[in-house]
Amino acid sequence: MISIINVSKTFKGKNDVSAVKNVSLEIKDKEIFGIVGYSGAGKSTLIRLVNQLEKADSGQILIDGVDICELKGEALRKQRQEIGMIFQHFNLLWSKTVLENIMFPLVLKGLPKKEREEEAIKMAKEVGLEDKLDVYPSTLSGGQKQRVAIARALVLNPKILLCDEATSALDPKTTEEILELLKKINKEYGLTILMISHQMETIQKICHKLAVMADGKIVEQGSVDDIFANPTDPLTKELIQTVDTGVDVNKLSIELKDKYPQGHLLRITFSDKTSEKPILYSIALKLNIPINIVSANLKMTQAGSLGVIYIHIEEKKDIGPFLAELELQGLKVEVV
Ligand SMILES: Nc1ncnc2c1ncn2[C@@H]1O[C@H](COP(=O)(O)OP(=O)(O)OP(=O)(O)O)[C@@H](O)[C@H]1O
Ligand SMILES: [Mg+2]
């Protein structure tokens, strides 16, 4: 388990930058935990504190009960071997082959040649690169480069993998493949993954839990399902709306308000359990509410399917009973 407790970090300079402000998070073993937020929110700084690439000014970062901020020398080096990291721009050694890149941490560890080759080839197979062992990274696609980085990060068999925007430089299809690989590794190796991204979609696809970060602070955290059904912070709502259905909800809401000043735009979410029955239809019929579905989508998350529907009610109506009935039937409703 990783416990981040009241951690702060300020970069001192002509103008001090307070990048991480009193952050607390708990990441359980084998969890995929996402941190999402806009550029400059402090995500990279926070994740770099976990493997001590940056030093915290205050607070504690306990990994299985041991405060990594207090470790030095050999003890810190040992603990760091338990933490792999991958980056947006891969950070590969360009003058070394794929096999040599993957082997590199084992060279530093002083493992004999034969053993390190065996280990590295095993990892290359795990990430689907067994036929690329002798080529140089510059000849690989973005997805393949990230696979090399993943194999290199995992070759020391760490307990934790830190991912800093690991798919942000990749196209959507390759992103999907790398996320699938991370999911597989999480399951097979029981790896704890802490991943940061500015893309809510990435987080939604593979994380169990997520935290939303803005201006150095965590503004909201919880399970992906709960947060998608009940976002409370305005930033979370904004980030979620961008991935809901592909429709620009802000724009839509303004247009509808313009045309139907008395109308209501509702965001309704439902899960596996509530997706099979025609609940929405029956309630609208029963209460005589003319609803108009403006956009809808179904997404897969770690906890199953998650549906989102935006509906609009044109007329001036008391929608209180309608909302109450929907909630009673297990749907989560938010008035946009
Ligand atoms: N080494 C540094 N020295 C000074 N300021 C820094 C340093 N690293 C980061 N910062 C500042 O700290 C703040 C947070 O930066 P950080 O890189 O953690 O954000 P981020 O959320 O990862 O952003 P992005 O999504 O663009 O990667 C920014 O204002 C940044 O300019
Ligand atoms: Mg960053």
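These figures come from a predicted structure and were not determined experimentally.

### Here's the deal with the overall build of the chain
Then, number 1: In terms of regular secondary structure, the chain is built from 13 helices and 14 strands.
Then, number 2: For the C-alpha atoms alone, the extent of the chain along its principal axes is close to 75 × 45 × 35 Å.
Then, number 3: Considering only contacts in the chain between residues 6 or more positions apart, those separated by 24 or more positions represent 68%.
Then, number 4: Accessible surface, the chain: about 16,300 Å² in total, of which carbon and sulfur atoms supply 51%.

### Here's the deal with the sheet that holds strand 2 (residues 17-27)
Then, number 1: The four strands lie next to each other as 2-1-4-5, forming an open sheet whose pairing is antiparallel. Looking at strand neighbours, the two that pair on one side only are strand 2 and strand 5 (66-67), the edges of this open sheet.
Then, number 2: In terms of strand pairing, strand 1 (residues 2-11) meets strand 2 through seven bridges, oriented antiparallel. Counterpart to S3 in the pairing with strand 2 is E26.

### A look at the sheet that holds strand 14 (residues 332-335)
Then, number 1: As summarised here, the arrangement of the four strands in space is 12-13-11-14, forming an open sheet in which the pairing is antiparallel. At either end of the open sheet lies a strand with only one pairing partner, and these are strand 12 (291-301) and strand 14. Here the average twist between neighbouring strands, direction ignored, is 20°.
Then, number 2: Sheet topology places strand 11 (residues 264-271) next to strand 13 (residues 304-313); eight bridges connect them, and they run antiparallel. In the strand pairing of strand 13, H264 is matched with I313.

### Here's the deal with the nonpolar core
Then, number 1: Judged by nonpolar contacts, the single largest core of 50 residues is most densely connected at I86, I102, I150, L161, L182, M195 and L210.
Then, number 2: Considering each element in turn, this core owes the most residues, six residues, to helix 5 (residues 142-154).

### Comments concerning the pattern of salt bridges
Then, number 1: Applying the stated rule across the entire model yields 18 salt bridges.
Then, number 2: Notably, a salt bridge pairs K159 with D64, separated by 3.8 Å at the nearest N-O pair. In this pair, K159 is assigned in the loop between helix 5 and strand 7 (160-164) and D64 in the loop between strand 4 (58-63) and strand 5, connecting sequence segments 95 residues apart.
Then, number 3: Of the residues examined, K159 reaches a relative accessible area of 45% and is grouped as partly exposed.
Then, number 4: Here E74 and R77 are joined by a salt bridge, their closest N and O atoms 3.1 Å apart. Pair noted here: E74 and R77 are both in helix 2 (residues 73-80), with a separation of three residues, about one helical turn.
Then, number 5: Residue E74 is classed as partly exposed on the basis of its relative accessible area, which comes to 44%.
Then, number 6: What emerges from the salt-bridge pattern is a single network uniting D64, E82 and K159.

### Thoughts on the site of ligand 1
Then, number 1: The environment of ligand 1 is made up of F11, V17, A19, Y38, S39, G40, A41, G42, K43, S44, T45 and E165.
Then, number 2: One nitrogen or oxygen atom from the main chain of G40 is found 2.8 Å from an oxygen atom belonging to ligand 1.
Then, number 3: A41 places a polar main-chain atom, nitrogen or oxygen, 3.2 Å from an oxygen atom of ligand 1.
Then, number 4: Protein contacts shield 59% of the accessible area of ligand 1, which totals 640 Å² for the unbound molecule.
Then, number 5: Among the elements of the structure, strand 2 and helix 1 (43-50) are those that each provide at least two residues to the shell around ligand 1.

### Digging into unusual backbone geometry
Then, number 1: Despite not being glycine, F90 has its phi angle at roughly 70°, a positive value.
Then, number 2: Although it is not a glycine, N157 adopts a positive phi angle of roughly 60°.
Then, number 3: Topologically, N157 is positioned in the loop between helix 5 and strand 7.

### Side note on the domain arrangement of the chain
How big an interface is tends to be reported as the loss of accessible area on association of its parts.
Then, number 1: Here the domain parsing of the chain yields domain 1 (2-223) and domain 2 (245-335).
Then, number 2: Summing both sides of the interface, domain 1 and domain 2 together bury roughly 470 Å²; the carbon and sulfur share of this comes to 46%.
Then, number 3: At the junction of domain 1 with domain 2, the criterion picks out zero salt bridges.
Then, number 4: Viewed at the interface, domain 2 and domain 1 are joined by one residue pair in polar contact (both at pLDDT 80 or more).
Then, number 5: No other element matches the four residues that helix 7 (residues 200-206) contributes to the side of domain 1 that touches domain 2.

### Regarding the packing of helix 3 (residues 98-109) against helix 5
Then, number 1: Closest axis-to-axis distance for the helix 3/helix 5 pair is 7 Å, and the angle between their directions is 30°. Taken together, helix 3 and helix 5 sit at an angle that is classed as roughly parallel. Of the two possible hands of crossing, helix 3 and helix 5 adopt the one that is right-handed. Along the contact surface, helix 3 presents V98, N101, I102 and P105, while helix 5 presents V148, A151 and R152.
Then, number 2: Across the contact of helix 3 with helix 5, the residue classes tally to five nonpolar, one polar and one charged.

### Regarding the pairing of strand 13
Then, number 1: The buried fraction of strand 13 is high, at 10 of 10 residues.
Then, number 2: Here strand 12 pairs with strand 13 via 10 bridges, running antiparallel. Looking across to strand 13, one finds that T301 is bridged to G304.
Then, number 3: Turn length for the strand 12-strand 13 hairpin, with the two strands adjacent in sequence and antiparallel, is two residues.

Criteria and thresholds
- Residues numbered from 1 in each chain as written.
- Chains lettered and ligands numbered in written order.
- Predicted model: local features only at pLDDT ≥ 70, side-chain atom pairs only at ≥ 80, totals over all residues.
- Heavy atoms only, no water.
- Helix = DSSP H or I, 4+ residues; strand = E, 2+ residues; numbered from the N terminus.
- Contact = heavy atoms within 4.5 Å.
- Areas by Shrake-Rupley, 256 points an atom, 1.4 Å probe, with all protein chains shown as cover.
- Pairing = 2+ DSSP bridges.
- Axes fitted to C-alpha atoms, helices over the stretch in contact; angles between N-to-C directions.
- Core = buried A, V, L, I, M, F, W, Y, C linked by side-chain atoms within 4.5 Å.
- Buried < 20%, exposed > 50% of the residue type's maximum accessible area, 1.4 Å probe, protein only.
- Salt bridge = Lys/Arg side-chain N within 4 Å of Asp/Glu carboxyl O.
- Near = heavy atom within 4 Å.
- Polar contact = N/O pair within 3.5 Å; in protein donor to acceptor, adjacent residues only side chain to side chain.
- Domains from an automatic or database assignment.
- Buried area = accessible area lost by both parts, 1.4 Å probe.
- Parallel < 35°, antiparallel > 145°, perpendicular 65-115°, else oblique.
- Left-handed = near helix turned anticlockwise from the far one by under 90°.
- Nonpolar A, V, L, I, M, F, W, Y, C, P; charged D, E, K, R; others polar.

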